[in-house]
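So you can see what is in the structure, the chains are spelled out below.
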Amino acid sequence: MKTKIKISVVLGIVLGLFAFKSIESKRIIVIDAAHGGSDFGATLAGTQEKIIVEFIAKKIKSQNSNDNLEIVLLREGDQFMELGERVSTINKLNPNLVISLHINSSKDSNKNGAEAYISSNTKFYDQSKISAEKVLEKITTENLSKGKVSEANFFILKKSNCPAVSLEIGYLSNEKDRKYVSSEKGQNEIAAKILEAIK
């Protein structure tokens, strides 16, 4: 009887350690679909930035099959969120990384490709830059050219208490980019590539 009790206790401790390790190693990534509600973001030919980034954000979450990676969406519907509300939610979650999804636009229709921004005014600068470079490297293909990582004083980047990246996924004003980011195939590919980069 004592032997059985000892085995049960040891087994309980081992299982407890594994459970603790699993919780410890779980990473939380916040995906911020920019704009929403009355804030359409960039708009061209009936295509709205807020809708595209929401679709991509949802696809990132639905495609995730990694038990050690939790994807949290700041908005899962078409609602407006103040920047302060977004940052407050991010900081309560205390994630490993936040990626804010955007679509660019320019008066120059030849401008194209993906770009990323990070804040220079943060102790997470190095981690943010590494994450930004990884994501850019992954999502750029023959369908989406690679831009650069730049510094910007965006509210979410400078106020989030974690590594943070603002990702511009192509230009609505560029026909090739617009077709790609608006398509189901393009959105699925972009979501899958972002997931690869953050695993």
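What counts as what
Residues numbered from 1 in each chain as written. Predicted model: local features only at pLDDT ≥ 70, side-chain atom pairs only at ≥ 80, totals over all residues. Heavy atoms only, no water. Core = buried A, V, L, I, M, F, W, Y, C linked by side-chain atoms within 4.5 Å. Buried < 20%, exposed > 50% of the residue type's maximum accessible area, 1.4 Å probe, protein only. Helix = DSSP H or I, 4+ residues; strand = E, 2+ residues; numbered from the N terminus. Contact = heavy atoms within 4.5 Å. Pairing = 2+ DSSP bridges. Axes fitted to C-alpha atoms, helices over the stretch in contact; angles between N-to-C directions. Arc of directions from axis to C-beta. Left-handed = near helix turned anticlockwise from the far one by under 90°. Nonpolar A, V, L, I, M, F, W, Y, C, P; charged D, E, K, R; others polar.

For this particular structure, what's the right way to read the nonpolar core?
Across soluble globular proteins, you tend to see nonpolar side chains buried next to one another. Of all hydrophobic cores here, the largest spans 36 residues; its most connected members are Leu101, Leu167, Ile194 and Ile198. Of all the elements, helix H7 (residues 184–198) adds the most residues to this core, at six residues. Not counting chain neighbours up to four residues away, the residues in contact with Ile198 comprise Arg27, Ile29, Leu69, Ile71, Leu97, Ile99 and Val135.

Help me understand the sheet that holds strand S4 (residues 69–73), please; the structure alone is not making it clear to me.
Strand pairing in a sheet takes place through backbone hydrogen bonds and is either antiparallel or parallel in direction. If you walk across this open sheet you meet the six strands as S4-S1-S5-S8-S6-S7, and the pairing is mixed. Looking at which strands have only one partner, the edges of the open sheet turn out to be S4 and strand S7 (146–151). With direction set aside, neighbouring strand axes in the sheet form an average angle of 20°.

Which parts of the structure should I look at to understand unusual backbone geometry?
Excluding glycine, residues mostly carry a negative phi; peptide bonds, for their part, are mostly trans. Backbone geometry places His35, a non-glycine residue, at a positive phi of 65°. Considering the arrangement of structural elements, one finds His35 in the loop between strand S1 (27–33) and strand S2 (43–44). The phi dihedral of Ala45 falls on the positive side, at around 50°, and the residue is not glycine. Tracing the backbone shows Ala45 in the loop between S2 and strand S3 (47–48). Judged by its relative accessible area of 68%, Ala45 falls in the exposed class.

Would you explain helix H3 (residues 83–93) in this entry?
Since there are 3.6 residues in each turn of an α-helix, residues three or four apart along the chain are aligned in direction. Restricting attention to buried positions, one finds in H3 the residues Arg86, Val87 and Ile90. An end-on view of H3 places all buried positions within 95° of arc, on one side of the element. Where H3 is buried, its residues meet S1, strand S5 (97–104) and helix H5 (155–159). Following H3 by one or two positions, Asn94 has its phi on the positive side, about 50°.

Please explain the environment of Asn121 as it appears in this structure.
Here Asn121 shows up in the loop between strand S6 (114–118) and helix H4 (125–139). Judged by relative accessible area, which is 54%, Asn121 ranks as exposed. Put simply, Asn121 and Leu157 are 36 residues apart on the chain and 8.8 Å apart in space, counted from C-alpha to C-alpha.

I'm lost on the packing of H4 against H7 in this one. Help?
The packing of two helices is summarised by the inter-axis angle and the distance between the axes. Interaxial distance between H4 and H7 falls to 8 Å at its minimum, and their mutual angle equals 140°. Here the hand of the crossing between H4 and H7 comes out right-handed. Taking contact as the criterion, the partners of Lys134, Val135, Lys138 and Ile139 in H4 are, on H7, Ile190, Lys193, Ile194, Glu196, Ala197 and Ile198. For the contact of H4 with H7, the class distribution of residues is six nonpolar, no polar and four charged.

These results come straight from atomic positions and should not be treated as a statement about function.
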